[in-house]
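Spelled out, the chains give:
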Amino acid sequence: MKKITGLSIFILLFVLLDTYAYGESVKEMQGNSFPSGTIATASSVADSYIPANVIDKDLKTRWNATTYQATLQLDFPTELNISAVQLAAVATPTTDEEYTVFGFKNGLWTQISEPTIRNVLASAESTPVVLESIPVNPGNYDAIKINIDGRNSWVAINEITYINQSLNAPHLEKIVDGPISLYWNSVPGATHYEVKRSETPGGPYTTIATVQERPWLGYLDEETYSDENHYKDYYYVVTALNGSETSPNSNEVSLIRPSTPINVQAVPGDKEAMVTWDKVDNATNYEVNVATSEEGPYQYVGSAIDNNKTVTKLVNGTKYYIRVVARNEDGYSRSSSPVSVIPGINQSLNAPHLEKIVDGPISLYWNSVPGATHYEVKRSETPGGPYTTIATVQERPWLGYLDEETYNDENHYKDYYYVVTALNGSETSPNSNEVSLIRPSTPINVQAVPGDKEAMVTWDKVDNATNYEVNVATSEEGPYQYVGSAIDNNKTVTKLVNGTKYYIRVVARNEDGYSRSSSPVSVIPGINQSLNAPHLEKIVDGPISLYWNSVPGATHYEVKRSETPGGPYTTIATVQERPWLGYLDEETYSDENHYKDYYYVVTALNGSETSPNSNEVSLIRPSTPINVQAVPGDKEAMVTWDKVDNATNYEVNVATSEEGPYQYVGSAIDNNKTVTKLVNGTKYYIRVVARNEDGYSRSSSPVSIIPGIQETDSNNN
């Protein structure tokens, strides 16, 4: 059917409704039905589908226009206070329809809503869809009219309601004395409150309790104090409700207990021990607990603001176990791993001094401690412990331990930290100094440029590497032969045969061992190389579009992709030589892959030769904004969020329903944006998206807000 672009002649159909009470609700819809005496008129009517059907509280009846564009007008018997309207509608086919609301006041029509898009679904049974409410400028109106653009469908409305109420957000506080106790102020008009919790700041939140309106409003969350949950972080908000409305979220309150103290050490003295540990960032003080058995029970012996404490009144010659707990206003950490100490004037067991030799597996060795009968070798995968005993070594002329377990395929590339303690059956020394085994990371971005019987190989520097080994093979699978080392990140490999294809890998080394081999790169040495590496560029407008220069002598090109910088790369496409060389990678734009990082190279080929890899081009979209906050104002909201490292700008999107649809309202270079042209008293949901040249992040968790002028009590003198 041909689309009608203009309004047809305005046909007035007056229907007086006198059987419906003011303020009645309509099932499945928000707000109220329009009062008795309201007159509905329309610019177009199809047969018996009259305008009065939109205010009869019956979703099965409807007004239908005979055009794709139409106007519906409602004249009220007395002025109504309106902050939003909600429609139930049908369409054939499913269509994004546009609605614009006008209000009549003081003898003038004015636009009181933004043009608003709503998706209206088609239904074989003409079952209406209850649409998200449309916010309008709050105020008293004598009439409203709605301009409707059905686009691909005749206009059809089943029912309309109006909304004229709002609830303020509560203000949330906390007291932590064991479990967290939340409390908040009473919100006028609220009948109950929902307490919501998340394990990440800014949500998403899950409702954990409903609290009815009462003189004291609060909730004790004992669940987070259980053994299972005690050491997790939690974030809370509260919303006010009254059956038809929900307030914005309150301010967020957090429960963040301190982390466990590490690297606890105890130095014995005369009837005392000096205990030290690493500072914990969010701790305000520490508790020290002592026992005469490793299993306890432990007794509190004092607290400290700094990261040390002298424990006194100990018995010389008695073995004590000491644990430290960090505290802050939200509670306490797990106890540290216990350390043992035997106080006394003359300590018989000193801490050993630990050294290492790494020639394959790590070999630990240490000095003999007078009075010791044996030694415990302890290992951790984190500096400072906690340590696990991996071996017991008896006193003997040469004291050492070869840890072959860290040299197997499973463990070879992990980091390890070691200490040794001396024992004699009744005493245990303090831990020795810590010795580490930290092998270098794998070289990346290896490139090879061919020459006459040689190849210049380069790679990115590895931070903790002292030198590099270069290995060459004539097959990608190997075997690879060592051809030399380099202190810097380049090496010229000589004595190659021109025209032969070689594969080159680089290994980083330091005193603790070697890294994994890099991904192999191929090269064909020769005096006149016919295939140079292409130069790769990108354009990102949705999917990434790669393009590169033509390489003389090439017949086709391979596009390769990796999820890690420097490879290994997988060939994802072959492109034949042609005037414009490029590839559109739509796979990385799918829902499954859209937020991953990707790295690309291209090689030129001609059947007998393959060029070096091109330069690497990356697709790194920004991470999701967090800690989004919104502060209401008069017809506006100030929105803030944490900066995202690789973002160049941000988009702010607004909806009047948490599920959306969300509309773009502006962008910001910095991490804040004032959203204007809002309707006071209307609840909005706001999400932020980070953008850069490579695309956009996931949307942040939505935050809700109700803009408005702060009212004061006129009776308060």
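The coordinates are above.
This report concerns the structure included in the present document.

## Looking at the overall build of the chain
(1) Moving on: Across its full length, the chain carries 0 helices and 54 strands.
(2) Moving on: For a compact globule of 717 residues, the expected C-alpha radius of gyration is about 27 Å, and the chain comes in at 36 Å, more than 25% above that figure.
(3) Moving on: In terms of overall dimensions, the chain has C-alpha extents of about 110 × 85 × 45 Å along its principal axes.
(4) Moving on: Sequence-distant contacts in the chain: of pairs separated by 6 or more residues, those separated by 24 or more amount to 64%.

## Some words on the sheet that holds strand β12 (residues 192–198)
(1) Moving on: Strand order in the open sheet formed by 4 strands is β13-β12-β15-β16, with antiparallel pairing between adjacent strands. Whereas interior strands pair on both sides, the edge strands pair on one side only; in this sheet they are β13 (206–212) and β16 (253–255). Each strand axis lies, on average, 25 degrees off the axis of its neighbour in the sheet, ignoring direction.
(2) Moving on: Sheet topology places strand β15 (residues 234–241) next to β16; 3 bridges connect them, and they run antiparallel. Bridge pairing links Y235 to S254 in β16.

## A short note on the nonpolar core
(1) Moving on: If you look at the biggest cluster of nonpolar residues, it comprises 33 residues, and the most contacted ones within it are W63, Y99 and I157.
(2) Moving on: Counting residues per element, the ones that place at least two in this core are β1 (39–42), β3 (69–89), β4 (95–105), β8 (134–149) and β9 (156–163).
(3) Moving on: No other element matches β3, which puts 9 residues into this core.

## Observations regarding the pattern of salt bridges
(1) Moving on: All chains considered together, the criterion is met by 21 salt bridges.
(2) Moving on: Between K174 and E329 there is a salt bridge; the shortest N-O distance is 3.7 Å. One end of the pair, K174, is in strand β10 (residues 172–176); the other, E329, is in the loop between β22 (320–328) and β23 (331–332), and 155 residues separate them in sequence.
(3) Moving on: Take E329: its relative accessible area is 61%, and that puts it in the exposed class.
(4) Moving on: Between K232 and E199 there is a salt bridge, and its shortest N-O distance comes to 4.0 Å. You can see K232 sitting in the loop between β14 (218–221) and β15 and its partner E199 sitting in the loop between β12 and β13, a full 33 residues away along the chain.

## Quick look at the sheet that holds strand β46 (residues 617–619)
(1) Moving on: In spatial order, the strands read β43-β42-β45-β46; together these 4 strands make up an open sheet with antiparallel pairing. The strands lining the two open edges of the sheet, one partner per strand, are β43 (570–576) and β46. Mean inter-strand twist for the sheet, computed between neighbouring axes without regard to direction, equals 25 degrees.
(2) Moving on: Of the pairings in the sheet, the one linking strand β42 (residues 556–562) to β43 comprises 6 bridges and is antiparallel in character.

## With respect to the packing of aromatic side chains
(1) Moving on: Tallied over the full model, the rule gives 9 aromatic pairs.
(2) Moving on: Aromatic ring contacts, followed pair by pair, group F34, F76 and Y162 into a single cluster.
(3) Moving on: The cationic tip of R62 hangs over the ring face of Y49; the distance from NZ or CZ to the ring centre is 4.5 Å.
(4) Moving on: R323 extends its terminal NZ or CZ atom over the ring of Y298, reaching a point 3.8 Å from the ring centre.

## A short note on the side chain of D585
(1) Moving on: Along the polypeptide, D585 turns up in strand β44 (residues 582–585).
(2) Moving on: By relative accessible area, D585 is classed as buried at 0%.
(3) Moving on: A distance of 2.8 Å separates polar atoms of two side chains, one belonging to D585 and the other to R561.
(4) Moving on: Apart from residues lying up to four places away in sequence, D585 is in contact with P543, I544, R561, I572 and Y600.

The rules behind these values
- Residues numbered from 1 in each chain as written.
- Predicted model: local features only at pLDDT ≥ 70, side-chain atom pairs only at ≥ 80, totals over all residues.
- Heavy atoms only, no water.
- Helix = DSSP H or I, 4+ residues; strand = E, 2+ residues; numbered from the N terminus.
- Rg over C-alpha atoms; globule rule 2.2 N^0.38 Å.
- Contact = heavy atoms within 4.5 Å.
- Pairing = 2+ DSSP bridges.
- Axes fitted to C-alpha atoms, helices over the stretch in contact; angles between N-to-C directions.
- Core = buried A, V, L, I, M, F, W, Y, C linked by side-chain atoms within 4.5 Å.
- Buried < 20%, exposed > 50% of the residue type's maximum accessible area, 1.4 Å probe, protein only.
- Salt bridge = Lys/Arg side-chain N within 4 Å of Asp/Glu carboxyl O.
- Phe/Tyr/Trp six-rings, centres within 6.5 Å; stacked < 30°, edge-to-face > 60°.
- Lys NZ or Arg CZ within 6 Å of the ring centre and 35° of its normal.
- Polar contact = N/O pair within 3.5 Å; in protein donor to acceptor, adjacent residues only side chain to side chain.

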